Amino acid sequence: MTTELLSKTTTAADFLHIVERVPLVDGPNDDDGGKRGEGKSGTETGTITRTRPKTKRPNLYRVLLLNDDYTPMEFVILVLQDVFNKSREEAVQIMLHVHQKGVGECGVYPYEVAETKVTRVMDTARKNQHPLQCVMEKQ
Ligand code: TYC
């Protein structure tokens, strides 16, 4: 289960830490007029705080490149290196996969990261007048 929670793209910022206030003793008001722990019963009352790191899996999205007949292979390779931080060798492999199969995965990211990558790809494709398409889908 732990390995499932800690995917490659999960960072410490993806975990939500919740502080839960837990009454130590049930019952009447804890106000003892400032004489803490000196109640007539001798029973200490109060509130302790317990931190319980609650792990929350971020919703992950696959970013996909779509094939077309016009975008130069070299342009796709450069996009994969630049936007998705792939090595030249990985980028060539992914580009060829997309070229042959029609679609291929560039990476899996939390929503906002995936969205930014799609926007970067689409912006650079449009500026260079290539029809390259990039989409994201919930994993
Ligand atoms: N099919 C394109 C060509 O032959 C290359 C290409 C690869 C285009 C991947 C888009 O996502 C793509 N020039």
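Scroll up to find the structure this text is about.
This write-up is about the structure you can find in this document. Being a predicted model, the structure only gives us computed values, none of them experimental.

### Considerations on helix H4 (residues 111-127)
For H4, built from 17 residues, the straight-helix expectation of 24 Å at 1.5 Å per residue is met to within 8% by its first-to-last C-alpha distance of 24 Å. What H4 keeps buried is the set Ala 114, Lys 117, Val 118, Val 121 and Ala 125. In a view along the axis of H4, the buried residues occupy a sector of 100 degrees, so they form one face of it. H4 presents Glu 112, Arg 126 and Lys 127 as exposed residues on the side facing more than 90 degrees away from its buried surface. The first or second residue beyond H4 is Gln 129, which carries a positive phi of 60 degrees.

### Focus: helix H3 (residues 88-101)
If you check H3, its first and last C-alpha atoms are 20 Å apart, about what 14 residues at 1.5 Å a residue would give, namely 20 Å. Where H3 is buried, its residues touch strand S3 (60-66), helix H2 (73-84) and strand S4 (103-110). Backbone geometry just downstream of H3 places Gly 102 in the positive-phi region, at approximately 100 degrees.

Parameters and conventions
Residues numbered from 1 in each chain as written. Predicted model: local features only at pLDDT ≥ 70, side-chain atom pairs only at ≥ 80, totals over all residues. Heavy atoms only, no water. Helix = DSSP H or I, 4+ residues; strand = E, 2+ residues; numbered from the N terminus. Expected span 1.5 Å × (residues − 1). Buried < 20%, exposed > 50% of the residue type's maximum accessible area, 1.4 Å probe, protein only. Arc of directions from axis to C-beta. Contact = heavy atoms within 4.5 Å.

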